[in-house]
Amino acid sequence: MPPRFVRGGDVVAWHGSAYDLRTRTRRRLEPDAEPTACDGRTLALRAYDGLDHVVRVVPLEGGAEQLTFRLDRRAGEHPVFAVRHGIGYLMSYPRTDGAARLLALDLRSAKRRTKSLLVLEGPHHRPPLRHNQVPVPHLMTDAALVIWTGADWETLPWLEAWPE
């Protein structure tokens, strides 16, 4: 399987490394973690903690500490596939009717906070976690996440701050 790369801003990340194209500096990442999303300031990694899948958040700027969030296996959560403004976007497949939910995850807070943004009517088939597939067809622009709902394309502007 070819290596998986993600890019955000001037940062390109792959298994074990993140490279800043502007400063030409390389940052070593955990060898067991795979990059899934990056916006140039925040890098999301998929890793394992025992048998659990986790999201590791690596701040690329400033002195913020790395955070770890457990994915809820019962809810069928998949790794973060998009990041903007310190907010991660992931899919959850909790329902037996094939519907899925798009969730936002606050990647700047040590407390695991999620917000449901959109319900995608089924049938959506839960992709295997081990393949690290992007769970639904989508496009990312500077202004919005455009996601396939199963019947139509829905445009969701990026959250700029965590809604309280």
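Worth saying up front: this structure is predicted, and the values here are computed from it rather than measured. (Residues numbered from 1 in each chain as written. Predicted model: local features only at pLDDT ≥ 70, side-chain atom pairs only at ≥ 80, totals over all residues. Heavy atoms only, no water.)

**Here's the deal with unusual backbone geometry**
Turning to step 1, where the next piece is worked out: The phi dihedral of Arg-24 is positive, around 60 degrees, even though this residue is not glycine.
Turning to step 2, where the next piece is worked out: Locating Arg-24 in the fold gives a position in the loop between β3 (17-20) and β4 (25-28).
Turning to step 3, where the next piece is worked out: Take Arg-24: its relative accessible area is 67%, and that puts it in the exposed class.
Turning to step 4, where the next piece is worked out: One non-glycine residue, His-85, adopts positive backbone phi at about 55 degrees.
Turning to step 5, where the next piece is worked out: Topologically, His-85 is positioned in the loop between β9 (82-84) and β10 (87-92). (Helix = DSSP H or I, 4+ residues; strand = E, 2+ residues; numbered from the N terminus. Buried < 20%, exposed > 50% of the residue type's maximum accessible area, 1.4 Å probe, protein only.)

**Re the sheet that holds strand β15 (residues 153-157)**
Turning to step 1, where the next piece is worked out: The strand order β13-β14-β15 describes an open sheet built from three strands, whose pairing is antiparallel. Unpaired on one side and paired on the other, β13 (138-140) and β15 mark the two borders of the sheet. When the angles between neighbouring strand axes are averaged without regard to direction, this sheet yields 15 degrees.
Turning to step 2, where the next piece is worked out: Of the strand pairs in this sheet, strand β14 (residues 144-148) and β15 are connected by five bridges, and their pairing is antiparallel. Within β15, the residue paired with Ile-147 across the bridge is Glu-154. (Pairing = 2+ DSSP bridges. Axes fitted to C-alpha atoms, helices over the stretch in contact; angles between N-to-C directions.)

**Section: the environment of Val-55**
Turning to step 1, where the next piece is worked out: Within the element layout of this structure, Val-55 appears in strand β7 (residues 52-59).
Turning to step 2, where the next piece is worked out: Each C-alpha atom, one on Val-55 and one on Leu-107, is 9.4 Å from the other, the two residues being 52 residues apart in sequence.
Turning to step 3, where the next piece is worked out: Once residues within four sequence positions are removed from consideration, Val-55 is found in contact with Ala-44, Leu-45, Leu-67, Thr-68, Phe-69, Leu-71, Pro-79 and Val-80. (Contact = heavy atoms within 4.5 Å.)

**Some words on the pattern of salt bridges**
Turning to step 1, where the next piece is worked out: Applying the stated rule across the entire model yields seven salt bridges.
Turning to step 2, where the next piece is worked out: Put simply, Glu-34 and Arg-46 hold a salt bridge, and the shortest N to O gap is 3.4 Å. Taken as a pair, Glu-34 in strand β5 (residues 34-38) and Arg-46 in strand β6 (residues 42-49) lie far apart in primary sequence, twelve residues in all. In terms of burial, Glu-34 and Arg-46 fall into one category: buried.
Turning to step 3, where the next piece is worked out: We note a salt bridge from Arg-41 to Glu-61, for which the minimum N-O separation is 4.0 Å. Taken together, the positions of Arg-41 in the loop between β5 and β6 and Glu-61 in the loop between β7 and β8 (67-70) put the pair 20 residues apart, joining distant regions of the chain.
Turning to step 4, where the next piece is worked out: Overall, Arg-41 belongs to the partly exposed group, its relative accessible area being 46%.
Turning to step 5, where the next piece is worked out: It is possible to trace a salt-bridge network through shared partners that takes in Asp-106, Arg-108 and Arg-113. (Salt bridge = Lys/Arg side-chain N within 4 Å of Asp/Glu carboxyl O.)

**Looking at the side chain of Asp-20**
Turning to step 1, where the next piece is worked out: Residue placement: Asp-20 occurs in strand β3.
Turning to step 2, where the next piece is worked out: Among buried charged residues, Asp-20 stands out as having no salt bridge; its nearest opposite-charge side chain is Arg-22, 4.1 Å away.
Turning to step 3, where the next piece is worked out: A distance of 2.8 Å separates the side chain of Asp-20 from the backbone nitrogen of Arg-22, its partner in a polar contact.
Turning to step 4, where the next piece is worked out: From its side chain, Asp-20 meets the backbone nitrogen of Thr-23 in a polar contact 3.1 Å long.
Turning to step 5, where the next piece is worked out: Leave out the neighbours within four places in its chain, and Asp-20 touches Asp-10, Val-11 and Thr-25. (Lys, Arg positive; Asp, Glu negative; His and termini not counted. Polar contact = N/O pair within 3.5 Å; in protein donor to acceptor, adjacent residues only side chain to side chain.)

These values are about where atoms sit, not about what they do.
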